[in-house]
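Residue-level listing of the chains:
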Amino acid sequence: MKVTINRGACIDCGVCYADCPDVFEEDNADSTSQIVEAYRIGGDPAVGQVPDALAKCVRSAADGCPVEAIRVEE
Ligand code: SF4
């Protein structure tokens, strides 16, 4: 699945990287969420291609994001 984080909307609440740390992490440089390096598309910290085995936790993170900053595409 493809995952996109609207980093401009992220309020760094920590829900996504608490729920799904295999995919999301905090970017300490600007205090927003980012995709972990292993799953980034073209090195972009806001866009990732994630294996199906992690789909459940990605959806949980997206559902839990209070500002709906995480978009998931199958
Ligand atoms: S859950 Fe949403 S607002 Fe919270 S850190 Fe993740 S992307 Fe940012």
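Residues numbered from 1 in each chain as written. Predicted model: local features only at pLDDT ≥ 70, side-chain atom pairs only at ≥ 80, totals over all residues.

Draft legend 1. Structural view of the nonpolar core. Counting residues in hydrophobic clusters, the biggest one holds 16 residues, and the most contacted among them are Cys16, Val23, Val58, Ala61, Cys65 and Ile70. Elements that contribute at least two residues to this core include exactly β1 (2–5), α1 (15–19) and α2 (55–64). With 3 residues, α2 is the largest single contributor of residues to this core. Residues within four places of cysteine 16 in sequence aside, it is in contact with Phe24, Ser33, Ala61, Cys65 and Ile70. (Core = buried A, V, L, I, M, F, W, Y, C linked by C-beta atoms within 7 Å. Buried ≥ 20, exposed ≤ 12 C-beta atoms within 10 Å, placed from the backbone. Helix = DSSP H or I, 4+ residues; strand = E, 2+ residues; numbered from the N terminus. Contact = placed C-beta atoms within 7 Å.)

Draft legend 2. View of the sheet that holds strand β6 (residues 70–73). Strand order in the open sheet made by the 4 strands is β4-β5-β1-β6, with antiparallel pairing throughout. A single partner strand is all that each edge strand has here, and the edge strands are β4 (40–41) and β6. Strands in contact with α2 are β1 and β6; relative to β6, the strand with the most contacts, it is inclined by about 140°. (Pairing = 2+ DSSP bridges. Axes fitted to C-alpha atoms, helices over the stretch in contact; angles between N-to-C directions.)

Draft legend 3. Quick look at unusual backbone geometry. For serine 31, which is not a glycine, the phi torsion comes out positive at approximately 55°. Looking at the element boundaries, serine 31 is found in the loop between β2 (24–27) and β3 (32–35). Classification of serine 31 by C-beta neighbours within 10 Å gives exposed; the count is 10. Its identity is not glycine, yet glutamate 68 carries a phi of approximately 50°, on the positive side. In this structure, glutamate 68 sits in the loop between α2 and β6.

Draft legend 4. Structural context of the site of the ligand. Taken together, 14 residues lie near the ligand, and Cys10, Cys13, Val15, Cys16 and Cys65 sit nearest. Of the residues assigned to the shell around the ligand, the class counts are 11 nonpolar, 2 polar and 1 charged. (Near = placed C-beta within 6 Å. Nonpolar A, V, L, I, M, F, W, Y, C, P; charged D, E, K, R; others polar.)

Draft legend 5. Focus on the environment of valine 50. Mapped onto the elements, valine 50 comes out in the loop between β5 (44–49) and α2. What makes valine 50 buried here is the crowd of 21 C-beta atoms within 10 Å. Here the alpha-carbon distance between valine 50 and lysine 2, two residues 48 residues apart in the chain, equals 6.3 Å. The residues touching valine 50, leaving out its near neighbours within four places in the chain, are Met1, Val3, Val23, Tyr39 and Val58.

Draft legend 6. Here's a closer look at α2. Residues Val58, Ala61 and Ala62 constitute the buried set of α2. Angularly, the buried residues of α2 cover 100° about the axis, an arc narrow enough to put them on a single face. Across from the buried face of α2, at angles greater than 90 degrees, the exposed residues are Lys56 and Asp63. Taken together, the buried residues of α2 touch β1, α1, β2 and β6. (Arc of directions from axis to C-beta.)

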